[in-house]
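Architecture and fold: a report
Read off the chains here:
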Amino acid sequence: MTEIHVLVGQPQVAPALVGGFGFVLGLCSLITKERLYLSETLLAMVFGIIVGPFVLKWVNPADWSSNPMQLTQEFSRYCLAVEVMIAGIELPKRYLRKEWRSLLVLLGPIMTMMWLISSAIITFTFNLPFIQALAIGACVAPTDPVLANAILKGVFAETHVPLRLRNILTAESGANDGLGYPFLFFALFLMRIGGGKAIGTWVYATWVYQILLSAVIGAVAGYVSRKALRYAEMYGWVDKESFLLSSITLALMLVGVCTIIGTDDIFCCFIAGNSFTWDDWFRVEIEDTGLQETLNGFLSTTFFMYFGTIIPWSAYSGVLTPWRIAVVVVAIMLVRRLPLLMALYKLIPAIQNWQSALFAGWFGPIGVSAVFYAVETIKQVEEHADSNAGDIGEIVFPLVCAVVFGSVLVHGVTVPLVLMGRRVKTTISLQGSMTSGARSFSRTLVNKLGKSKTEGTLNVVRDDMEPIEYVDPERVHHQIGSPAVTDVV
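Residues numbered from 1 in each chain as written. Predicted model: local features only at pLDDT ≥ 70, side-chain atom pairs only at ≥ 80, totals over all residues. Heavy atoms only, no water.

**A closer look at the overall build of the protein**
Secondary structure assignment for the protein yields 23 helices and zero strands. Classification of the 489 residues of the protein by burial places 49% in the buried group. Within the protein, residue pairs in contact and separated by at least 24 positions form 81% of the contacts whose partners lie at least 6 positions apart. Total accessible area on the protein is roughly 23600 Å²; 64% of this is exposed by carbon and sulfur atoms. (Helix = DSSP H or I, 4+ residues; strand = E, 2+ residues; numbered from the N terminus. Buried < 20%, exposed > 50% of the residue type's maximum accessible area, 1.4 Å probe, protein only. Contact = heavy atoms within 4.5 Å. Areas by Shrake-Rupley, 256 points an atom, 1.4 Å probe, with all protein chains shown as cover.)

**Some points on helix H13 (residues 240-261)**
Between its first and last C-alpha, H13 extends 33 Å over 22 residues, near the 32 Å set by a 1.5 Å rise per residue. Of the residues making up H13, those classed as buried are Phe243, Leu244, Ser246, Ser247, Ile248, Leu250, Ala251, Leu254, Val255 and Cys258. For H13, the secondary structure elements touched by its buried residues are helix H4 (68-90), helix H12 (195-234), helix H14 (265-276), helix H15 (281-285) and helix H16 (291-310). Looking at the residues trailing H13, positive phi occurs at Gly262, about 80°. (Expected span 1.5 Å × (residues − 1).)

**Side note on the side chain of Ser246**
Counting through the fold element by element, Ser246 comes out in helix H13. With sequence-adjacent residues up to four places away left out, Ser246 is seen in contact with Leu229, Phe276 and Phe282.

**What to know about the packing of helix H11 (residues 180-192) against H12**
H12 packs onto H11 with a crossing angle of 150° between their chain directions and a minimal axis gap of 9 Å. In terms of orientation, H11 and H12 fall into the roughly antiparallel class. Considering only the axes of H11 and H12, their crossing is right-handed. Counted together, Tyr181, Pro182, Phe185, Phe186, Phe189 and Leu190 of H11 and Gly195, Ala198, Ile199, Thr201, Trp202, Ala205, Thr206, Trp207, Gln210 and Ile211 of H12 form the full contact between these two elements. Among the residues making up the contact of H11 with H12, the classes are represented as 12 nonpolar, four polar and no charged. (Axes fitted to C-alpha atoms, helices over the stretch in contact; angles between N-to-C directions. Parallel < 35°, antiparallel > 145°, perpendicular 65-115°, else oblique. Left-handed = near helix turned anticlockwise from the far one by under 90°. Nonpolar A, V, L, I, M, F, W, Y, C, P; charged D, E, K, R; others polar.)

**With respect to the nonpolar core**
In terms of nonpolar packing, the biggest core is built from 136 residues, with Ile136, Phe304, Phe307, Phe359, Val400 and Val404 touching the most fellow members. Top element by residues in this core is helix H21 (residues 392-454). It accounts for 13 residues. (Core = buried A, V, L, I, M, F, W, Y, C linked by side-chain atoms within 4.5 Å.)

**Observations regarding helix H19 (residues 354-362)**
Of the residues making up H19, those classed as buried are Ser356, Ala357, Phe359, Ala360 and Gly361. For H19, the N-terminal cap is Asn353; the gap from its side-chain oxygen to the backbone nitrogen of Gln355 is 3.3 Å. (Polar contact = N/O pair within 3.5 Å; in protein donor to acceptor, adjacent residues only side chain to side chain.)

**Concerning the side chain of Ser300**
Tracing the backbone shows Ser300 in helix H16. In this structure the side chain of Ser300 is engaged in a polar contact, spanning 2.8 Å, whose partner is the backbone oxygen of Asn296. Residues in contact with Ser300, not counting those within four places in the same chain, are Thr41 and Val146.

**Some remarks on the pattern of salt bridges**
In the structure shown here, the tally under the stated rule is eight salt bridges. Two residues, Asp280 and Arg283, come together in a salt bridge whose shortest N-O distance is 2.7 Å. The buried category is assigned to Arg283, whose relative accessible area is 17%. Where Arg283 meets Glu287, a salt bridge forms, and the shortest distance between an N and an O atom there is 3.6 Å. Several salt bridges converge on common partners, so that one network encompasses Glu74, Arg77 and Asp265. (Salt bridge = Lys/Arg side-chain N within 4 Å of Asp/Glu carboxyl O.)

**Focus: a nonpolar patch on the surface**
A cluster of nonpolar side chains, contributed by Ile199, Val203, Tyr204, Trp207, Val208, Leu212, Val216, Val220, Tyr223 and Val224, occupies part of the molecular surface with about 910 Å² of accessible area. Structurally, Val208 can be placed in helix H12. Residue Val208 is classed as partly exposed on the basis of its relative accessible area of 43%. (Patch = residues over 30% accessible without salt bridge, like charges linked within 9 Å, V, L, I, M, F, W, Y side chains within 5 Å.)

**Some remarks on the packing of aromatic side chains**
Throughout the structure, instances matching the rule amount to 26 aromatic pairs. Measuring from centroid to centroid gives 5.8 Å for Tyr181 and Phe185, while their planes differ by 20°, and the two rings are stacked. In this pair, Tyr181 and Phe185 are both assigned in helix H11, four residues apart and thus about one turn of the helix distant. A residue is classified by how much of its surface remains accessible, and Phe185, at 8% relative accessible area, is buried. Measuring from ring centre to ring centre gives 6.3 Å for Tyr181 and Phe372, while their planes differ by 80°; the resulting arrangement is edge-to-face. Pair noted here: Tyr181 is in helix H11 and Phe372 is in helix H20 (residues 368-383), with a separation of 191 residues, a long-range link. One aromatic cluster is present, built from ring pairs that chain together Trp64, Phe75, Phe303, Phe304, Tyr306 and Phe307. (Phe/Tyr/Trp six-rings, centres within 6.5 Å; stacked < 30°, edge-to-face > 60°.)

**Quick look at empty space enclosed by the protein**
Inspection of the entire model under this criterion finds three cavities of 30 Å³ or more. Roughly 60 Å³ of volume is contained in the largest cavity. Residue assignment for the lining of the largest cavity shows that the elements contributing at least two residues are helix H8 (145-152) and helix H10 (163-178). In terms of residue count, H10 provides more of the lining of the largest cavity than any other element does, three residues in total. Across the lining of the largest cavity, the residue classes tally to five nonpolar, three polar and two charged. (1 Å grid on protein atoms, 1.4 Å probe; cavity = no way out; pocket = protein on both sides within 12 Å on 5 of 7 lines; lining within 4 Å. Points joined across faces, edges and corners; volume = space filled by probe spheres on them.)

**What to know about the environment of Met111**
Among the structural elements, Met111 can be located in helix H6 (residues 100-126). Through-space distance from the C-alpha of Met111 to that of Pro142 is 7.2 Å; in sequence the pair is 31 residues apart. For Met111, the residues in contact, after removing those within four places along its chain, are Leu106, Pro142, Asn176, Leu179, Gly180 and Phe183.

**Some remarks on the confidence of the model for the protein**
The pLDDT averaged across the protein works out to 84; a share of 83% of its residues lies at or above 70. The low-confidence segment residues 451-488, where pLDDT is below 50, has 36 contacts with residues more than four positions distant or belonging to other chains. (pLDDT = per-residue confidence, 0-100.)

**Regarding the environment of Ala205**
The topology assignment puts Ala205 in helix H12. C-alpha of Ala205 to C-alpha of Phe185: the two residues are 20 residues apart in sequence and 9.3 Å apart in space. Sequence-distant contacts of Ala205, that is, excluding residues within four places in its chain, are made with Phe189 and Gln210.

What follows is the structure, given as structure tokens:
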């Protein structure tokens, strides 16, 4: 008799779980997105934790490869590359030129301060040398395009968040992911080389070779690809399916090329996406296809399900005690970005009032890019064992995973809690109005009764009294609808 082997815990189980979760989530997608406003990334992460080695032990990515960290880095790399390419394509015509002042402030002083503040929090909490904390702080400084898309897309964003604010946050999340390299390698070069030589190496190896060269490659590749695609479309050489996938195949090609020559593939893809749709032609052509939204949903759900299975719960002991982790996560959520945006929003033309600054300051999520840079930090420390890196190779990944977990959780429940609070406030207001109306009716009725007795009649309801209609608060709430954009942002 043939034996039946159930491969629980093997990589064959992952497609079944991913597909099953995605199908069930799709069946109730309108409820989760447009009624409950729940984040798909949060649900995917929770599902990954449940089926992962911490709870049910159905999936353990550590068994899939002899180098699970490399698997995690490559997964996050390609996920980021596609997401930042889509972010670049979604921006309006010549957006980087029009909003260069806003991006200069967001990617310059604000991102630098986010890096330094995060590093300071880590230093004071774990008593690490500041130079080592700079490497960990660089991982959590960028905002994440995958989580940003979960916040800036959908009914809630289209109803409550102005388009200009959505565009600038999309551009920031796409650009600063690639710009995390200079912050990370600044700390790594200081630990490895030290002194003025480290600064010189950092300038030409990071800014010139990685950032500047990748920007040039991305701009040229995007321009040439746009012209070639338009030429092919004009002469009828390309079918619809290939046309829609052209930006994705371009992103994959650029990741491969940049990885081979050692430049910044993430920043290159973002610049290429902007260059690819610089004249708005491609963006307009694919605007109603739903391709970008579909890819965003699939990538975010798949990656954060994977992320839920790789959180190193067993590492939270010793130096990484739970209370220290909680302090770091809460402090980074509250201090890393929000005060900076509230203080400097007047220098950012795309953020026009303090309400927009509050939204932009709070929704600066930490996600896939942080995981990518954490693994890159481990890789660099292991390749240069003579550097003064201390124990950051052991603590960076668990610490970053904890911060990402906190960001997904907090930002995933913020919108439902805000809308729940507004609904409770509206219901109380309606009930108060009904109570006031009832009191007014009672006073009118008493007056009518008194007048009737004086006139010698027992008629309680007179012909000149207007009928009072009962108002159902739930029906009034639905008729009122969602608050206007200016009510929230």
